[in-house]
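Overview (structure and organization)
Chain by chain, the residues:
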2 protein chains.
Amino acid sequence: MPVTIEDVAKAAGVSIATVSRALRGLPNVVPSTRDRVLKVAEELDYSADPHASRLASGRTMTVGLIMPLTGQWFYNKVATAIEAVLMEEGYDVLRYSVESVEQESQVFRKLIRRKRVDGLVFITIAIDPESLARLTNAQLPVVTIETETGIFPAVTCSNYDAARAATQHLCNLGHREIGLISGLPDDPLHFGPPGERKRGYLDVLARQGIPVRPELDVPGNYSLAGGAEAMATLLSVSDPPTAVFAFSDEMATGALKTIQDLGLRVPDDISIVGFDDHDFAEYLHLTTVRQPLDLMGETAATLLLRLLHGETDVPVRTELDTKLIVRATTGKPPR
Amino acid sequence: MPVTIEDVAKAAGVSIATVSRALRGLPNVVPSTRDRVLKVAEELDYSADPHASRLASGRTMTVGLIMPLTGQWFYNKVATAIEAVLMEEGYDVLRYSVESVEQESQVFRKLIRRKRVDGLVFITIAIDPESLARLTNAQLPVVTIETETGIFPAVTCSNYDAARAATQHLCNLGHREIGLISGLPDDPLHFGPPGERKRGYLDVLARQGIPVRPELDVPGNYSLAGGAEAMATLLSVSDPPTAVFAFSDEMATGALKTIQDLGLRVPDDISIVGFDDHDFAEYLHLTTVRQPLDLMGETAATLLLRLLHGETDVPVRTELDTKLIVRATTGKPPR
DNA sequence: TTGTACGCGTTATCAT
DNA sequence: ATGATAACGCGTACAA
C-alpha cells in the first residue's frame with residue numbers, strides 16, 4: 001500500500017539509486033533529474049521508510065533520554081526542549097525513566113548492545129564507572145545535563161554562583177541562621193549540582209563569619225512532601241533558622257505549606273528561597289533562582305547533534321547563567 | 001560487532017528460523033531446543049535488532065502520542081503513565097507535540113503514509129473529519145483521551161458529574177454568583193470535557209434557580225497567566241462573583257494570585273475551586289476535582305494494547321470517576 | 001519439529 | 001551522472 005522508492009523511480013523514469021541520491025541531497029545528480037525526482041516524490045507523497053533506511057544505513061536516527069522521575073516538572077521541561085530540537089532534525093527521541101541503579105544498567109544493555117540509539121543524553125543521572133566504560137567503548141555520542149563525567153560534554157548552570165547569590169541575599173537581609181533543604185540524603189558533597197550549591201552556601205557563610213550548623217541541612221528529596229517534612233524538621237531544632245534555602249521550588253513550596261500550617265508567616269517569621277523558577281513560582285511569590293531549562297535542553301541537543309555529525313571539537317563543559325529572582329518570600333528576619 | 005541471530009543459531013546448532021521461533025515463544029519448538037536457544041541467547045546477550053525486525057514483520061512496535069502543550073503538567077502526567085505500560089510491553093513511544101491544526105495534519109501524513117507507528121493515542125486533541133477518515137482508512141489502532149470521536153475507544157473522566165459536584169459544593173456554601181474560568185475562547189459548547197463541565201455547572205445553577213450570567217464565563221487558556229487575567233476580568237464586572245470554578249488548577253492558581261494581589265482573601269472574600277488535583281494543589285490548600293490521570297493513561301494504553309493485539313471488542317467509552325477534594329480555598333460567601 | 005530461502009525498503013559500492 | 005546489485009538483520013511461508 002505505501003509508496004516505495006521503486007514507485008518513485010518508475011514514475012520519474014530513473015533508478016532507485018538516483019532517487020535515493022536526489023532525495024537526500026547527495027552530489028552527482030544533475031539538477032534537472034533532481035527536480036524531476038523531487039516533484040514526483042512530492043506528488044506521490046513519498047518519504048523513506050525509516051526502518052528500512054535505518055537497517056541499511058546503520059543509523060537509527062533515534063536518541064535516548066536517560067532520566068529519573070519522568071513525571072516531574074524539571075525533567076519534563078528539559079526533555080521537552082531537547083525533543084523540540086532533535087525531532088526537528090528528524091530524530092526520534094525516547095524517554096527512558098530510570099529510578100534505580102539496577103534499572104539503569106538494564107536500560108543500558110538494551111540500548112547499547114543493539115545500537116538502539118545513535119546517541120544518549122543523561123539528565124541529572126550520575127554514570128557509574130562501569131557504564132561509563134561501556135559507553136566510551138561503544139563510541140556512542142553522549143551529552144550530560146546537570147551531571148559531569150569529565151569525558152562527555154556536559155551542560156550545567158552556575159549552581160555555585162546561584163547558591164552564593166541566594167545565600168548572600170538572605171545575609172543582606174540580616175539573616176544569620178540559614179537552613180538548607182538539600183536534595184537526596186546520601187548525596188556526596190562537592191559533587192554535582194547539590195554539592196556546588198552547598199559549597200556556595202558554605203562559602204558565603206564563612207565570608208560572613210556565620211558558624212556552620214550541620215543540623216540546619218536537611219534533605220528534602222526534591223519533592224513537595226519532602227520539602228514540607230524537611231521544613232518541619234528545621235523548625236523543630238533549638239534556635240531554628242530564620243531563613244531557608246531550598247534546592248528546588250517544589251521543596252520550597254512544601255516548606256511554605258508547613259510554615260503556613262504552623263501559623264507562621266512568610267516572610268515575617270521566616271524567609272524562603274527556592275531553586276528553578278518553576279512555572280508556579282511567580283504565582284506563589286516565591287523568591288528563587290531561575291535556571292534556563294529550555295536553553296539547557298536546547299544546548300544539550302545542539303551539542304549532541306554536533307557529536308552526531310561527527311564533530312569532535314565540542315566544548316566539554318557549558319555553564320549557563322542563573323539569576324536570582326527576588327519576590328515576596330524573603331524579607332528581614334523577625335525582631 | 002553486535003551479535004546477530006545467526007551467531008545465536010550457530011552457537012546453538014540450529015537454524016535462524018528456530019532461533020526466531022524459540023525467542024518469540026512461538027509453537028513448534030521442542031522444549032529442549034528452546035531452552036538451549038534461550039540459554040545461548042542469554043550468554044551472547046542477544047536481542048533482535050528492532051529495525052530489522054520491524055522491516056521484516058511490518059510492525060513498528062512504536063506508538064505515537066499526539067498532544068498539545070507537551071510541557072504542561074497534565075499532558076506529561078498522562079503521557080508518562082502511557083509510556084510506562086507501553087514501554088513495558090516493548091513499544092517505543094514518541095510524543096508528538098501539536099499546537100496548530102496545520103501541524104496536526106503534517107504530523108499525520110508523516111505518521112500514516114509510512115506506517116511510522118502501529119497505533120496512536122490522542123490526548124485532548126479533537127480530530128477533524130478529514131484526519132478521522134484517513135485514520136479509519138489506514139486501519140490504524142487509535143485511542144483517545146479526554147476527547148471523543150464516536151469511532152475510536154475513548155477514555156474520559158466524569159466531567160459532567162465533577163462540574164456538578166464542584167458547583168453544588170459552592171451552592172451549598174451559599175454562593176449564588178458563581179464565575180467560571182473555562183478553557184479556550186472558541187471551545188464549542190457541549191462538546192468534549194469543557195462542554196461537559198459547563199453543562200454540569202449550568203444544570204446545577206438551573207436546579208438552584210440561579211440565573212445564568214454569561215459575563216461570568218471567562219476563558220483562561222488553561223494557563224497560570226490566563227487564569228490570573230480571567231480572574232481580573234471576573235472581578236471587574238459589576239456585582240462580581242463570590243466564587244469561581246476554574247477548569248484547571250493552573251488557572252485556579254493564577255486566579256488565586258490575582259485575588260491576593262488585590263488584597264482580597266480566600267476564601268473569606270472569594271472562593272475558588274480548581275480542576276485536576278495538580279501536585280501543587282494540596283500545598284496551595286486548593287479545593288479541586290481530582291482526575292485520575294495515571295489511571296486514565298494506563299487505561300488508554302491498555303486499550304490500545306488490546307487493539308494492537310487484534311481484539312475487536314474493546315469498550316468504545318470508558319469514563320473514570322473524579323472526586324471533589326475540599327480543601328481551604330472554598331468557604332461561605334462574604335456577609 | 002526444523003531448516004531453506006525469499007522478501008521487507010533502503011543505503012551504498014562499484015560498474016558503466 | 002546514472003544504474004545494477006549486494007548488503008542490512010530479521011520474519012515467515014514453504015519445504016523437508
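Report follows, based on the coordinates. (Residues numbered from 1 in each chain as written. Chains lettered and ligands numbered in written order. Predicted model: local features only at pLDDT ≥ 70, side-chain atom pairs only at ≥ 80, totals over all residues. Heavy atoms only, no water.)

1. Notes on the overall build of chain A
Within chain A, the regular secondary structure consists of twelve helices and twelve strands. Computed over C-alpha atoms, the radius of gyration of chain A comes to 25 Å, more than 25% over the 20 Å expected from 2.2 N^0.38 for 335 residues, which places it beyond the range of a compact globule. Oriented by its inertia axes, the alpha-carbon framework of chain A measures out at about 90 × 40 × 35 Å. Within chain A, buried positions represent 54% of all 335 residues. Within chain A, contacts between residues separated by at least 24 positions form 70% of all contacts whose residues are at least 6 apart in sequence. For chain A, the accessible surface area stands at approximately 14700 Å², while carbon and sulfur atoms represent 53% of it. Positive and negative side-chain charges in chain A, numbering 33 and 44 respectively, have mean positions lying 3 Å apart. (Helix = DSSP H or I, 4+ residues; strand = E, 2+ residues; numbered from the N terminus. Rg over C-alpha atoms; globule rule 2.2 N^0.38 Å. Buried < 20%, exposed > 50% of the residue type's maximum accessible area, 1.4 Å probe, protein only. Contact = heavy atoms within 4.5 Å. Areas by Shrake-Rupley, 256 points an atom, 1.4 Å probe, with all protein chains shown as cover. Lys, Arg positive; Asp, Glu negative; His and termini not counted. Charge placed at Lys NZ, Arg CZ, Asp CG, Glu CD.)

2. Examining the protein's contact with DNA strand C
Near DNA strand C there are 27 residues, and of these A:Ile5, A:Ser20, B:Asn28, B:Thr33 and B:Arg114 occur at the shortest range. One of the side-chain nitrogen or oxygen atoms of A:Arg24 is found 2.9 Å away from a phosphate oxygen of DNA strand C. Within the side chain of B:Arg21, one N or O atom sits 2.9 Å away from a base nitrogen of DNA strand C. Sorting the residues of the surface near DNA strand C by element identifies helix H2 (16–23) and helix H4 (50–57) of chain A together with helix H2 (16–23) and helix H4 (50–57) of chain B as the ones contributing at least two each. Residues that form the surface near DNA strand C fall into these classes: 13 nonpolar, ten polar and four charged. (Near = heavy atom within 4 Å. Polar contact = N/O pair within 3.5 Å; in protein donor to acceptor, adjacent residues only side chain to side chain. Nonpolar A, V, L, I, M, F, W, Y, C, P; charged D, E, K, R; others polar.)

3. Things to note about the interface of chain A and chain B
Quite often, the size of an interface is put as the accessible area lost when its parts meet. Contact residues are listed per partner, giving 47 residues for chain A and 47 residues for chain B. Counting the surface chain A buries against chain B, the share from its top three residues, A:Arg114, A:Phe280 and A:Tyr283, is 19%. Joining chain A to chain B, the criterion identifies two salt bridges. The shortest N-O distance in the salt bridge between A:Asp92 and B:Arg116 comes to 2.8 Å. At the level of elements, H4, helix H5 (73–88), strand S2 (92–97), helix H6 (101–113), helix H10 (224–236) and helix H11 (249–261) of chain A are the ones that each hand at least two residues to the side of chain A that touches chain B. If you tally residues by element for the side of chain A that touches chain B, the top one is H11(A), at six residues. The class makeup of the residues in the side of chain A that touches chain B is 17 nonpolar, 14 polar and 16 charged. (Buried area = accessible area lost by both parts, 1.4 Å probe. Salt bridge = Lys/Arg side-chain N within 4 Å of Asp/Glu carboxyl O.)

4. Details of the packing of aromatic side chains
Per the stated rule, a full pass over the model turns up nine aromatic pairs over all chains. Relative to A:Phe247, the ring of A:Phe245 has its centre 5.3 Å away and its plane inclined at 70°; by these criteria the two rings are edge-to-face. The exposure class of A:Phe245 is buried, given its relative accessible area of 0%. Residue classification places A:Phe247 among the buried positions, given a relative accessible area of 1%. Judged by centre distance (5.7 Å) and plane angle (50°), the rings of B:Phe108 and B:Phe122 are tilted. With a gap of 14 residues between them, B:Phe108 in helix H6 (residues 101–113) and B:Phe122 in strand S3 (residues 119–123) connect regions that are remote in the sequence. (Phe/Tyr/Trp six-rings, centres within 6.5 Å; stacked < 30°, edge-to-face > 60°.)

5. Thoughts on unusual backbone geometry
The step from A:Val266 to A:Pro267 runs through a cis peptide bond, and the omega angle for that step is 5°. Here A:Pro267 is to be found in the loop between H11 and strand S9 (271–276). For A:Glu146, which is not glycine, the phi torsion reads 55° and is therefore positive. A positive phi is found at B:Met61, a non-glycine position, where the angle reads about 55°. Here B:Met61 shows up in the loop between H4 and strand S1 (62–67). By relative accessible area, which is 24% here, B:Met61 ends up partly exposed.

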